[in-house]
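A closer look at the structure
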Amino acid sequence: MRVLWIILVALLGLLLVAALWLWTPDKKRTELQQTYFSAASELLEVGGTQLHLRDEGPKDAPVVVMIHGFGSSLHTWEGWAQGLSQSYRVISLDLPGSGLSPPDAQNDYRDQRVIGLLLQLLDAKGIETASLVGNSIGGRIAWRTAAAHPERVTSLVLVAPDGFASPGFAYGEAPKVSPLLSVMRYALPRFLLRSNLVSSYGDPELLSAETVDRYHDLMLAPGSRGALLERLRQTVLSDPVPALKTIEIPVLLIWGDKDKLIPVRNAEDYLDVLVDARLARFADLGHVPQEEAPERSLQPVSAFLAEVTGQDQYR
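Now for a look at the structure at hand.

Conventions we followed
Residues numbered from 1 in each chain as written. Predicted model: local features only at pLDDT ≥ 70, side-chain atom pairs only at ≥ 80, totals over all residues. Heavy atoms only, no water. Helix = DSSP H or I, 4+ residues; strand = E, 2+ residues; numbered from the N terminus. Rg over C-alpha atoms; globule rule 2.2 N^0.38 Å. Buried < 20%, exposed > 50% of the residue type's maximum accessible area, 1.4 Å probe, protein only. Contact = heavy atoms within 4.5 Å. Areas by Shrake-Rupley, 256 points an atom, 1.4 Å probe, with all protein chains shown as cover. Lys, Arg positive; Asp, Glu negative; His and termini not counted. Charge placed at Lys NZ, Arg CZ, Asp CG, Glu CD. Core = buried A, V, L, I, M, F, W, Y, C linked by side-chain atoms within 4.5 Å. Axes fitted to C-alpha atoms, helices over the stretch in contact; angles between N-to-C directions. Parallel < 35°, antiparallel > 145°, perpendicular 65-115°, else oblique. Left-handed = near helix turned anticlockwise from the far one by under 90°. Nonpolar A, V, L, I, M, F, W, Y, C, P; charged D, E, K, R; others polar.

The next point concerns the overall build of the chain. Each helix and strand in the chain was counted, giving 13 helices and 8 strands. Radius of gyration (C-alpha) of the chain: 21 Å, near the 20 Å computed for a compact globule of 315 residues. In terms of principal-axis extent, the alpha carbons of the chain reach across some 80 × 40 × 40 Å. The proportion of buried residues among the 315 residues of the chain is 53%. Residue pairs in contact within the chain that sit at least 24 positions apart in sequence constitute 77% of those at least 6 positions apart. Per element, the accessible surface of the chain, about 14600 Å² overall, is 56% carbon and sulfur. Here the chain contributes 29 positively and 37 negatively charged side chains, and the mean placements of these two sets differ by 7 Å.

Along the polypeptide, Trp143 turns up in helix H5 (residues 137-148). Looking at Trp143, the relative accessible area reads 4%, which means it is buried. Linking Trp143 and Ser131, residues 12 residues apart in sequence, is a C-alpha distance of 11 Å. Apart from residues no more than four positions distant in its own chain, Trp143 is found in contact with Leu156, Leu158, Pro161, Asp162, Gly163, Pro240, Ala243, Leu244, Ile247 and Tyr270.

Membership of the largest hydrophobic core comes to 42 residues, with the highest contact counts inside it found for Val65, Leu93, Leu156 and Ile247. Leave out the neighbours within four places in its chain, and Ile247 touches Trp143, Ala146, Ala147, Leu156, Leu274 and Val275. By size, the runner-up hydrophobic cluster in this structure holds 22 residues, among which are Val157, Ala280, Leu285 and Ala306.

Our focus in this paragraph is the packing of helix H7 (residues 190-197) against helix H8 (residues 209-219). It is the contact of H7 with H8, at a shortest axis distance of 10 Å, that shows an interaxial angle of 115°. Judged by the inter-axis angle, H7 sits roughly perpendicular to H8. Regarding H7 and H8, the two cross each other, and that crossing is right-handed. In this structure, H7 uses Arg190, Leu193, Arg194 and Leu197 to contact H8, whose residues at the interface are Ala209, Val212, Asp213, Tyr215, His216 and Met219. Classifying every residue of the contact of H7 with H8 by side-chain character gives 6 nonpolar, 1 polar and 3 charged.

What follows is the structure in structure tokens.
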């Protein structure tokens, strides 16, 4: 009996040590802002909530708005924004509860809410029309905005966009968020996050320690992990084909052949239904080509935007 008691105490001790080792508290928002704000950063209140954004480039140039994917932030676009802001007014934003944007004050992470916030942001900036650039769920937000408000969107650049059904995401059903995933509210060790981020890269060696640190830091912003889980719970996909068929503006699809999250074969689904779409593929890249190879993946984007806007690629 005494031996059993000693074993139980030892096991409880090991569990306590493991819990303390894995426990990952939030970081102070002020400290994160000191590290990840840039000279172009601002916090803008729209729709009753705050959005962190950057507004770069000449204010009289055609506007390009960039929307990041799940668990990411506007920093994913830094390489592209630096190149495009020489010729365009580039606005990148953190979705509510992502990056340096606080969680949505209404706790509403549905696409309709995000689209409304995006339009209110454009209104607040005095912008009538823009080209939208989106990656993954940011791509879904972009094309859904274009379908619902064609008068506001002049062209689309969709980087491995979400929208079609996939394992775990059936039409008309909210995904099931496993209890194990919910634990990330309390435990999100850096090594575990890195193992997840690696799957987004075609070449894992290109995932830098600095990039992992940034993702990890920003996911530890107060309320961000809860917001990510809510976004998952509130995502209900519908058949995208009817909406996509209404989009008549030019669309550029960007895809990496090594995308493990949304495979490149999905590009054909978009090409089959979009009125005016073209595809740029990269044989060696994964789900985030704008991070993995920013200069190379920007080339078709620059050429496309120059064509559809009539703007020189560099002023």
